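One letter stands for each residue in the lines below.
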Amino acid sequence: MEQFVRGQFGRGLLLVMRGCQQLPLPKPYKAERYGLLIPLKRSTLFSRREISHSVLHSILKPESVLFCRNPAFQHTIPSRGYAMVVARILRGALKIRYLILGGALGGGMTLQKTYEHWKESLPDMKWLNEYLPDSEQWDSFRGVLVGMKDKVKDSINIDPRLKTYGEVKYRNFRDWFDERLDAAIEAAEKSELDSTFSHKQPPDVKMNAIAFSKPVSEQIEDRRQKGAETMQQRMDRLQDELIKVQIKYQRELEHLERENKELRKQLLLYRANKATSKKVKKSLIDMYSDVLDELSEYDSSYNTQDHLPRVVVVGDQSSGKTSVLEMIAQARIFPRGAGEMMTRAPVKVTLSEGPYHIAQFRDSAREFDLTKESDLAELRKEVEIRMKNSIRDGKTVSNDVISMSVKGPGLQRMVLVDLPGIISTVTSDMASDTREAIKQMTQHHMSNPNAIILCIQDGSVDAERSNVTDLVSQMDPQGKRTIFVLTKVDMAEENLTNPDRIKKILSGKLFPMKALGYFAVVTGRGKKDDSIQSIREYEEKFFHNSRLFKDGVIMSGQVMTRNLSLAVSECFWKMVRETVEQQADAFKATRFNLETEWKNNFPRLRELDRDELFEKARGEILDEIINLSQVSPKDWEELLMKKMWDKVSMHVFENIYLPAAQTGNTSTFNTTVDIKLKQWAEQQLPQKSVESGWEGLQTEFQHFMERAKNRPDHDGIFDNLKTAVVDEAMRRHSWEDKASEMLRVIQLNTLEDRSVNEKQHWDSAVKFLENSVKEKLQATEMILREMFGPGAKERWLYWKYQTEDQIKRSHVKNELEKFLLADYKHPPSLSYDEIMTVRKLMERNNIDVDSEYIRETWHPIYRRHFLKQSLARAYDCRKGYYLYHQGLESEVDCADVVLFWRIQQVLKVTANALRQQVMNREARRLDKEIKDVLEDYSQDAEKKLKLLTGRRVTLAEELKRVRQIQEKLEEFIQALNHEK
């Protein structure tokens, strides 16, 4: 049957062809049960009374419909055919209107959303402004188009007669159709059919067709039974179709993104390689990352806290935090371990878009190519080394932030901070405070009210074992900035027997926490060597076949790392736009307070931070080294001679002069002196000379430093730094090795000369002897005073008293001086009899002393006696040069003068050699040592912090840092507003 009527006419429907023989209805199929008989023609009838397609399909079954053909029936009604054509045209026009309107609205919204997302991911295209028309030209062109539209609209009009004729025809057709429908219903109610039907055509039927249906109630019941049987199959089929559509959409989107990435890459490379004077500006996310780096090092007493947004990744240990971050960054950039703690310090990762997939540390210029496995391995090793280096004082974790940036085509722009995983138990190889340190670190980063918390929960373990969810719920009880991520869903599907548990987790009904969104991801199969691409393919395959998705446990927008990345990026930038201006205002107020304090306390000084102060001190120190070249040779030699004599005078008196003087005659004295001087020159004198030269150089340099302190423009803030640099340089400085050997040869040759040829030299030697003896005599007197206490005059006039030991030693001294008075040339040591005599005399006075006590008292007494004798001989030798020159040494005892002349000559020659070494080589070497020390200190922040102190320094540091942060924030806000 080619024509049928769509309509609902009671409980049953009977269709007959016009011209068929009227058949009587059987009793079970009377009109009151079916209720309708409609004649049919070749043209289709339309009515406002409709019946569903499934009901009509069940009605028109072969067993319930009888087809009758009448070849002779060919006539039609022309007027009705024309009306049906008009009706079809009008229906098509109406449908087209709604289709066009609905498609335009839906397509426009979809197109606008896609355009906004595409626009946000595009790189900076400002350079095209030079080649594209400006806004005024575009407005002029748009005005021309609008004017053309108005002209076309006004010039085209529809004939009102045609419009009126169409409306009249439509109303006539509606009236005619309603009349025919009412006539068909009335005729059907009066018709009767036979009691039995068969598929064979009765002889009295003249090539006509009759169709009638089963009761509607029975048809509905059959459909319900079949629908109940196939409902689960239909749901499965719809879920499969939904997944296939989503995967197809995902692949299509990835294909478009790959093409977009390639175009962006070419564009970025073109802009980078273009020979232009314009400087390529930083991307928006790089500018924001610079602000965060500045804030991470900022410590102010004004308590201006860092409340800028960043994505804080928290979770239990081995929950998959690092894996999620790597999937977002699209590279395996972090070290991995099997169940052990790998993240030991916060790692700030700045994701941005670039032509190449690379990673770079903030304090390094090296770029790691993330497409090469060798560079990835080196990057992971470098991250591990930096984490270990940041750990100090036996700790397990560190608060020092490791900052790196990852660039690549299509990466979502955001800043993430990966924190150490929260642990439940402290193992034996960890510090005892590790658990609490990790908890405090995590709370510190989450305490930022604008930080987005990416809460990672391991789906393969029991939810009751989670530590992170309670911590997150404490920091963000309303869940306004928390995104929950369930990892290892593939393992959870295998282990959990109740899928509703995962449904509760992802709907926020299982954990005592709230979140902005809930996501389920798969970040690997537990293999360290899997690439990001293979993991993405595995994740896509798993969710395509997962029964969790098919059962409706998980919504399509809650799965896949890609959807998570898009959601986190969108939430991040929304938070940035809402809070960055508030942070800028806070730093503006802090800057005003710091500048006011500086003007009040240091009105005439420039604001110099530690680095600038260090550079200023560097210049002053190096200027003082240059002043060493201005010291005259005479001053150098006098300084070096004094230093050498201070070094060797004790040895000369104790080991050369005194032993030689005890011989008793001149010839033996000279022989002993020659032997002692040669041994001294070969063993000790060269090294002592080098030490004297080193000390003389240090003394002269410090003299210049001290003199600089007395200048009117001296700044005392550099004193500690200058002293530390000079001391360290002197500690590192060493005299040339060959200098000692050269001095040894010079000194031995000088000591071979035993004759004084000029009166001037003789007088100089006598004076040198007198001064030396007087110095030693003065030092000996001080020793005796400390040993015996104040004399009788001081005791009577100044009321000073002796100690018990000093009184005892005074009694011993009185007895020992008697020996010297008895024997003017007494030997340096006491005999046994003399010692026993003194002890017996002391016992008579009830003073108990031992032999060693007597010897200790004797040595300074004898030294004073000897020095007085030597000084007396020196006075006698002032006029003995002529006797000595004529060879009459026996007439005058001046051998000690000749000894000191030889020593004086050695000192002069050595001082001259040292002076040449200092001026020609050692001053330059010291300059190099000081420069090396300054360079080392310039790289050591702790040294500068220790040596450059005071409120002036800290205030300048804070003021400079706040200005930098404020300027970067304002630059970022300007770029952000421009992007909007």
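Everything here concerns the structure above.
This is a predicted model, so every value here is computed, not measured. Along each chain, the written sequence defines residue order, and numbers are assigned to residues from 1. Reporting of local features is limited, given that this is a predicted model, to residues whose pLDDT is at least 70; pairs of side-chain atoms are given and counted only at 80 or more, and all residues count toward the totals for whole chains, interfaces and linings. The side-chain figures draw on all heavy atoms in the structure; neither hydrogens nor water molecules are used.

**A short note on the overall build of the chain**
- Along the chain, the regular secondary structure elements total 31 helices and 13 strands.
- Burial status across the chain gives 43% buried among its 980 residues.
- Pairs at least 24 apart in sequence give 81% of the contacts found in the chain among residues at least 6 apart.
- Areas reported as accessible are Shrake-Rupley estimates using a 1.4 Å probe. Residue values count occlusion only from the protein chains shown. With the model as given, the accessible surface of the chain reaches about 56,200 Å², and the carbon-plus-sulfur share is 51%. Elements are defined by DSSP. Helices are runs of H or I of four residues or more, strands are runs of E of two residues or more, and each kind is numbered from the N terminus. Burial here depends on accessible area, computed with a 1.4 Å probe over protein chains only, as a share of the maximum for the residue type. Under 20% is buried, over 50% is exposed, and the range in between is partly exposed. Residues count as neighbours in contact if any of their non-hydrogen atoms are within 4.5 Å of one another.

**Some thoughts on the sheet that holds strand S6 (residues 347–352)**
- What the 9 strands build is an open sheet, ordered S8-S7-S9-S6-S10-S5-S11-S12-S13; its pairing is mixed. Across the chains shown, the open sheet's two edge strands, defined by having one partner strand only, are strand S8 (368–369) and strand S13 (517–520).
- Pairing between two strands requires that DSSP report at least two bridges joining them. Two strands pair when backbone bridges link them, and strand S7 (residues 358–361) and S8 are joined in this way by 2 bridges, in the antiparallel orientation. Residue pairing in the sheet places isoleucine 358 in a bridge with aspartate 369 of S8.
- Lines fitted to the C-alpha atoms define the axes, with helices restricted to the stretch that makes contact. Angles between their N-to-C directions range from 0 to 180 degrees. Sheet strands in contact with helix H10 (residues 434–446) are strand S5 (311–315), strand S10 (414–418) and strand S11 (452–458), and its direction is about 150 degrees off that of S5.
- Of the strands in this sheet, S5, S11 and strand S12 (482–487) are in contact with helix H11 (residues 468–475), which crosses S11 at around 160 degrees.

**Some thoughts on the pairing of S12**
- Of all 6 residues that make up S12, 6 are buried, and the element is covered over most of its length.
- Here S12 shows no split at all, with Thr482, Phe484 and Leu486 on one side and Ile483, Val485 and Thr487 on the other all buried.
- Relative to S12, S11 runs parallel, the two being bridged by 6 bridges. The residue of S12 that forms the bridge with aspartate 458 is threonine 487.
- The pairing of S12 with S13 spans 4 bridges and is parallel. Bridged to leucine 486 within S13 is alanine 520.

**So, the environment of lysine 514**
- Assignment of secondary structure puts lysine 514 in the loop between helix H13 (500–506) and S13.
- When the C-alpha positions of lysine 514 and valine 472 are compared, they lie 9.1 Å apart, and in sequence the two are 42 residues distant.
- Excluding residues within four positions of it along the chain, lysine 514 makes contact with Pro477, Gln478, Gly479 and Thr482.

**Digging into the nonpolar core**
- With 98 residues, the main nonpolar core has Trp645, Phe701, Trp762, Leu816, Leu899 and Ile930 as its most contacted residues.
- Per-element tally for this core: the top contributor is helix H29 (residues 895–939), with 18 residues.
- When sequence neighbours within four positions are dropped, the list of residues in contact with tryptophan 762 reads Val756, Cys877, Arg878, Gly880, Tyr881, Tyr884, Cys894, Val897 and Val898.
- Among buried residues, the Ala, Val, Leu, Ile, Met, Phe, Trp, Tyr and Cys ones that are joined through side-chain atoms within 4.5 Å form a nonpolar core. Within the second largest apolar cluster, 65 residues are counted, among which are Leu308, Met575, Val580 and Phe587.

**Considering the environment of lysine 776**
- Mapped onto the secondary structure, lysine 776 falls in helix H23 (residues 759–788).
- For lysine 776, a relative accessible area of 17% puts it in the buried group.
- On a C-alpha basis, the gap between lysine 776 and methionine 650 in space is 8.8 Å, while along the polypeptide they are 126 residues apart.
- Not counting the four nearest positions on each side in its chain, lysine 776 is found in contact with Ser649, Met650, Phe653 and Leu867.

**Concerning helix H26 (residues 832–844)**
- With 13 residues, H26 extends 19 Å between its outermost C-alpha atoms, agreeing within 8% with the 18 Å of an ideal straight helix rising 1.5 Å per residue.
- Packed against the buried residues of H26 are helix H25 (804–822) and helix H27 (851–876).
- Among the residues trailing H26, asparagine 846 stands out with phi positive, at a value near 60 degrees. A helix is expected to span 1.5 Å for every residue after the first.

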